[in-house]
Amino acid sequence: MAVLNVTPDSFSDGGRHLDPGLARARAEALAAEGADVIDIGGESTRPGAAPVPLDEELRRVIPVVRRVAKALRVPVSVDTSKAEVAQRALDAGARIINDVTALRGDPAMAAVAARTGTQIILMHMRGIPGTMQRRPRYRDVVRDVAAFLEEAARRAQAAGIARRRIWLDPGLGFGKTVSHNLALLGGLDRLAALGYPVVIGPSRKSFLGALLDADIGERLAGTLACVAAAWQRGARMVRVHDVRPAVELLTVLQAIEHGHAPRREH
Ligand code: HH2
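Each value, and the rule that gives it
- Residues numbered from 1 in each chain as written.
- Predicted model: local features only at pLDDT ≥ 70, side-chain atom pairs only at ≥ 80, totals over all residues.
- Heavy atoms only, no water.
- Helix = DSSP H or I, 4+ residues; strand = E, 2+ residues; numbered from the N terminus.
- Rg over C-alpha atoms; globule rule 2.2 N^0.38 Å.
- Buried < 20%, exposed > 50% of the residue type's maximum accessible area, 1.4 Å probe, protein only.
- Contact = heavy atoms within 4.5 Å.
- Areas by Shrake-Rupley, 256 points an atom, 1.4 Å probe, with all protein chains shown as cover.
- Lys, Arg positive; Asp, Glu negative; His and termini not counted.
- Charge placed at Lys NZ, Arg CZ, Asp CG, Glu CD.
- Near = heavy atom within 4 Å.
- Polar contact = N/O pair within 3.5 Å; in protein donor to acceptor, adjacent residues only side chain to side chain.
- Nonpolar A, V, L, I, M, F, W, Y, C, P; charged D, E, K, R; others polar.
- Phe/Tyr/Trp six-rings, centres within 6.5 Å; stacked < 30°, edge-to-face > 60°.
- Lys NZ or Arg CZ within 6 Å of the ring centre and 35° of its normal.
- Patch = residues over 30% accessible without salt bridge, like charges linked within 9 Å, V, L, I, M, F, W, Y side chains within 5 Å.
- Salt bridge = Lys/Arg side-chain N within 4 Å of Asp/Glu carboxyl O.
- Core = buried A, V, L, I, M, F, W, Y, C linked by side-chain atoms within 4.5 Å.
- Pairing = 2+ DSSP bridges.
- Axes fitted to C-alpha atoms, helices over the stretch in contact; angles between N-to-C directions.
- Parallel < 35°, antiparallel > 145°, perpendicular 65-115°, else oblique.
- Left-handed = near helix turned anticlockwise from the far one by under 90°.
- Right-handed = clockwise from strand over helix to strand, strands pointing away.
- Expected span 1.5 Å × (residues − 1).
- Arc of directions from axis to C-beta.

### Side note on the overall build of the protein
No. 1: Tallying secondary structure elements over the protein gives ten helices and eight strands in all.
No. 2: Whereas a compact globule of 266 residues would reach a radius of gyration of roughly 18 Å, the protein reaches 17 Å, a difference of no more than 12%.
No. 3: Relative to its 266 residues, the protein shows a buried fraction of 52%.
No. 4: Sequence separation of at least 24 residues holds for 66% of the intrachain contacts in the protein that already meet a minimum separation of 6.
No. 5: If you sum the accessible surface of the protein, you get close to 12,100 Å²; carbon and sulfur atoms cover 51% of it.
No. 6: Taking the average place of the 37 positive charges on the side chains of the protein and the average place of its 29 negative ones, the gap between the two points comes to 3 Å.

Listed below in structure tokens is the structure:
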């Protein structure tokens, strides 16, 4: 899953793809690098970020979703917690909702997902972006996050969303210390054991900066280490900015697991 932020302030690619033409060109490049999904978001959720009003998020996201969905065969996902943004993005051609609030951000979101039969990603976040990094605490972070996500999936199904359409994400960096993020990566198999496909977004995040004493542009190797660790513990989708290196890593990892090259190369 490739990240395409159409925001002025995202922590790593903010301000670069606000113009729909530039965003489409970037999406084409990401697809050519091997992305299976393009995740388009108009609201930064980095720690401390302020909420974006509905009109502004619609204005940023919908023209880009429309252009990208029309130009590419790769499915588009919309990174939003607002039901109206999700609905209008689906109308414009998106096929997946990526909701970092796991349906808690907007009471109308579950109905949109249920009615449209779309895939939905439910992510764990402690608190809200404005305050989530203020002394986060858990009893057992893997168990607590798994319990939260299991309950979110149960609520989603009670609202009419089919089980097979639900993905779970532990939300690296969303109300977590460095140790919490490492524990979640190391214990990802316990999340995968819930039986839902798992997606995870380690890309360039600040826990890697803290571990490696590295600026945002220097976190690729750290990101790839997380991708490998997550894959080996059962993750089935990784949300990254640097698509080609992640695809190469996963291609080699899978070739090692299967003992032969991917079928298309025979
Ligand atoms: N992380 C970010 C945003 N959306 N969605 C999922 N499912 N999982 C994640 O880990 C995740 C996410 C934050 O990263 P980014 O989009 O690069 O930055 P920003 O929120 O500043 O736009």
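### Some words on the site of the ligand
No. 1: Among the 18 residues in the neighbourhood of the ligand, the closest are listed as Ser10, Ser44, Thr45, Asp169 and Lys205.
No. 2: One of the side-chain nitrogen or oxygen atoms of Ser10 is found 2.4 Å away from an oxygen atom of the ligand.
No. 3: The protein chains hide 99% of the 490 Å² of surface that the ligand would expose on its own.
No. 4: Breaking the shell around the ligand down by element, the ones donating at least two residues are strand S1 (2-5) and strand S5 (119-123).
No. 5: Residues of the shell around the ligand, tallied by class, amount to six nonpolar, seven polar and five charged.

### Some words on the packing of aromatic side chains
No. 1: Following the criterion strictly, the structure yields zero aromatic pairs and no others.
No. 2: Note that Arg236 overlies the ring of Trp231, its terminal NZ or CZ placed 4.2 Å from the centroid.

### Quick notes on a nonpolar patch on the surface
No. 1: Among the surface-exposed residues, Leu182, Leu211 and Leu212 lie close enough to one another that they form a single nonpolar patch of about 260 Å² accessible area.
No. 2: Residue placement: Leu211 occurs in helix H8 (residues 206-212).

### Remarks on the nonpolar core
No. 1: Membership of the largest hydrophobic core comes to 73 residues, with the highest contact counts inside it found for Ile38, Ile40, Leu122 and Ile166.
No. 2: Here the element with the most residues in this core is helix H5 (residues 141-158); it accounts for nine residues.
No. 3: In this structure Ile40 touches Leu4, Val6, Val61, Val64, Val65, Val68, Val76, Ser77, Val78 and Asp79, once residues within four positions along its chain are discounted.
No. 4: Judged by nonpolar contacts, the second largest core, of seven residues, contains Val37, Ile121, Trp167 and Val199.

### Description of the sheet that holds strand S2 (residues 38-41)
No. 1: Spatially, the six strands line up as an open sheet ordered S1-S2-S3-S4-S5-S6, and their pairing is parallel. Because the sheet does not close on itself, it has two edges, and the strands there are S1 and strand S6 (166-169). Neighbouring strand axes in the sheet, compared pairwise and without regard to direction, differ in orientation by 25 degrees on average.
No. 2: Where strand S3 (residues 76-79) lies against strand S4 (residues 96-99), three bridges are found, and the strand directions are parallel. For Val78, the partnering residue across the bridge sits in S4 and is Ile97.

### Some points on the packing of H5 against helix H6 (residues 178-186)
No. 1: Closest axis-to-axis distance for the H5/H6 pair is 9 Å, and the angle between their directions is 70 degrees. Judged on the interaxial angle alone, H6 and H5 are roughly perpendicular. By crossing handedness, the relation of H5 to H6 is classed as right-handed. For the pair H5 and H6, the contacting residues are Val141, Val142 and Val145 in the first and His180, Ala183 and Leu184 in the second.
No. 2: For the contact of H5 with H6, a count of residues per class yields five nonpolar, one polar and no charged.

### Notes on the pairing of S5
No. 1: Of all the five residues making up S5, four are buried; the element is thus mostly covered by neighbouring parts of the structure.
No. 2: Here S4 runs beside S5; their pairing, made up of four bridges, is parallel. In the sheet register, Ile96 faces S5, and the bridge partner there is Gln119.
No. 3: Handedness of the crossover joining S4 and S5 through helix H4 (residues 109-116) is recorded here as right-handed.
No. 4: Looking at chain direction, S5 and S6 are connected through four bridges and run parallel. Paired with Met123 across the bridge in S6 is Asp169.

### Some remarks on helix H10 (residues 243-258)
No. 1: Between its first and last C-alpha atoms H10 spans 22 Å; for 16 residues at 1.5 Å apiece the expected length is 22 Å, and the two agree.
No. 2: Listed as buried for H10 are Val243, Ala246, Leu250 and Leu253. When H10 is viewed along its axis, its buried side chains cluster within an angular range of 105 degrees and face the same direction.
No. 3: Buried residues along H10 sit against S1, helix H1 (20-32), helix H9 (220-232) and strand S8 (237-238).

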